Amino acid sequence: MRERRVKGERDKGNLFVVAVIVLSFAVTLGLSFIFSGKGFLSLAGVFDKESTRSFYAVAVGGYGDMTLARNSAELIKSRGGAGYVRSETKDGIENIEIIFAVYKDKTPAEKVLETLGDHTAYIKEITVKESSYSWCEGDLKQAVKEAMTYFDLTFDKLFEVSNSLNDNTLSVGDAKTQIRVLYTHIEDIKSAFYQNTQKETKPQITEIKLALITALALLDGIEYGSVASTCSSIRYALVQVVFCYQSLMTTV
């Protein structure tokens, strides 16, 4: 009987020691995560998931012929839409779609979808990977982050100007002026980035430089004519900016 009691006490003692070790390990690991800025949620895998942001395009698809899609796109452009034709192949099946416009938030995209009255139209979510820029640090990381502000500056201004044109609250001349100001701003960002990274050879730096050059080319390529055609050209450039940004973020 005494041996059984001693054995029970020994087992309890062993369990206590194990519990203390486990608790000590958990506390130590937890503190390391806290001081690293992640916390216990990261341990559970919550923060290990890839961070993304989404954009929402109003589109219509189902075209089996590129010529037909492009003809339809011209009609959309004449009404001020982007008329951006895009082809995707999934599971060996090609889907040709036309994008009317792109938005940062889903709610305005849904409202536009309702006004179209086209049962074939839908909202296409465009997912973009967000980067922590872990491949750089210090002054270089700061330079990269400053350069990457080009995207939201470009998106927001093109979105604002195209909507103002569509609402007849902005003239084509004023739209052109605002976009030229934006062009100068992006040019300044590009020049600063080139200056701050002139000795860098990382491929990510090259990709960001190409993105800045592309953004400038898209702004420079906007065509100004009637209100509808100007609005269409701006929205077309806006869609291109989003897809270029999506591609860029897969590399940086």
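Quick notes on the rules
The residue count restarts for each chain, going from 1 along the sequence in the order it is written. The model is predicted, so local features are restricted to residues of pLDDT at least 70 and side-chain atom pairs to those at 80 or more, both for listing and for counting; the totals for chains, interfaces and linings are taken over all residues. Side-chain measures were taken over the full set of non-hydrogen atoms in the model, leaving aside hydrogen atoms and water. Think of a salt bridge as a Lys or Arg side-chain nitrogen and an Asp or Glu carboxyl oxygen that are within 4 Å of each other. Secondary structure counts use DSSP, requiring at least four H or I residues in a row for a helix and at least two E residues in a row for a strand, with both numbered from the N terminus. Per-residue accessibility, obtained with a 1.4 Å probe over protein chains only, is compared with the maximum for each type, and a residue is labelled buried under 20%, exposed over 50%, and partly exposed between these values. By this definition, two strands are paired if DSSP reports at least two bridges between them. Helix axes use the C-alpha atoms of the stretch in contact, all axes being lines fitted to C-alpha atoms, and the angles between their N-to-C directions lie in the range 0 to 180 degrees. Throughout, a residue-residue contact means that at least one pair of heavy atoms, one from each residue, lies within 4.5 Å. Reported orientations rely on four angle classes, namely roughly parallel under 35 degrees, roughly antiparallel over 145, roughly perpendicular from 65 to 115, and oblique for the rest. Handedness of each helix crossing follows the sense of rotation of the near helix against the far helix: counterclockwise by less than a right angle gives left-handed, clockwise gives right-handed. What we call a nonpolar core is a set of buried Ala, Val, Leu, Ile, Met, Phe, Trp, Tyr and Cys residues that are connected through their side-chain atoms within 4.5 Å. Expected span of a helix, by definition, is 1.5 Å for each gap between consecutive residues, and there is one gap fewer than residues.

Colleague: Outline the pattern of salt bridges, listing residues and values.
Modeller: This model, assessed by the stated rule, comprises twelve salt bridges. Linking Lys 124 and Glu 97 is a salt bridge whose minimum nitrogen-to-oxygen distance equals 3.2 Å. Of this pair, Lys 124 sits in strand S4 (residues 121–129) while Glu 97 is found in strand S3 (residues 93–103), placing the two residues 27 residues apart along the sequence. One salt bridge connects Asp 220 with Arg 180, and the closest N-O pair in it is separated by 3.4 Å. Placement of Asp 220 in helix H8 (residues 203–220) and of Arg 180 in helix H7 (residues 172–196) is noted, with a sequence separation of 40 residues between them. The class of Arg 180 is partly exposed, set by a relative accessible area of 39%. Several salt bridges share partner residues, and in doing so they unite Arg 53, Lys 104, Asp 152 and Asp 156 into one network.

Colleague: Explain the sheet that holds strand S1 (residues 52–63) residue by residue, including any values.
Modeller: The strand order S2-S3-S1-S4 describes an open sheet built from four strands, whose pairing is antiparallel. Each end of this open sheet is capped by a strand with a single partner; those strands are strand S2 (84–90) and S4. Strand-to-strand twist across the sheet, computed as the mean angle between neighbouring axes with direction ignored, equals 45°. In the packing of helix H3 (residues 66–78) onto the sheet, contacts are made with S1, S2 and S3, and the angle to S3 comes to roughly 10°.

Colleague: Go over the packing of helix H6 (residues 149–166) against helix H9 (residues 227–249) with me, naming the residues and quoting the values.
Modeller: Here H6 crosses H9 at 160°, and the two axes come no closer than 9 Å. As the angle between them shows, H6 and H9 are arranged roughly antiparallel. Viewed along their axes, H6 and H9 form a crossing whose handedness is left-handed. Counting all contacts with H6, which are made through Tyr 150, Phe 151, Thr 154, Phe 155, Leu 158, Phe 159, Val 161, Ser 162, Asn 163, Leu 165 and Asn 166, the residues of H9 involved are Val 227, Thr 230, Cys 231, Ile 234, Arg 235, Ala 237, Leu 238, Val 241, Val 242, Tyr 245 and Leu 248.

Colleague: Please give an account of the nonpolar core that cites residues and values.
Modeller: If you look at the biggest cluster of nonpolar residues, it comprises 52 residues, and the most contacted ones within it are Val 102, Val 144, Met 148, Tyr 150, Leu 158 and Ile 208. Broken down by secondary-structure element, the contributors of at least two residues to this core are S1, S3, S4, helix H5 (138–147), H6, H7, H8 and H9. Here this core takes eleven residues from H9, the largest share from any one element. In contact with Met 148, not counting residues within four places along its chain, are Tyr 133, Ile 208, Tyr 245, Leu 248 and Met 249. Listed in part, the 13 residues of the second largest apolar core include Val 60, Ala 69, Tyr 103 and Ala 109.

Colleague: Please give an account of H7 that cites residues and values.
Modeller: Counted at 1.5 Å a residue, the expected span for H7 with its 25 residues is 36 Å, and the 36 Å between its end C-alpha atoms agrees. What H7 keeps buried is the set Val 172, Ala 175, Ile 179, Leu 182, Ile 186, Ile 189, Lys 190 and Phe 193. Check the buried side of H7 and you find it contacts H5, H6, H8 and H9.

Colleague: Which residues make up the pairing of S3, and what values do they have?
Modeller: With respect to burial, S3 is a largely interior element, eight of its eleven residues being buried. With six bridges joining them, S1 and S3 adopt antiparallel strand pairing. When the sheet's bridge partners are listed, Ala 57 is paired in S3 with Val 102. Pairing of S2 with S3 involves seven bridges; the strand directions are antiparallel. Looking at S3, one finds that Tyr 84 is bridged to Ile 99. Joining the antiparallel neighbours S2 and S3 is a turn of two residues, in which Asp 91 adopts a positive phi near 55°.

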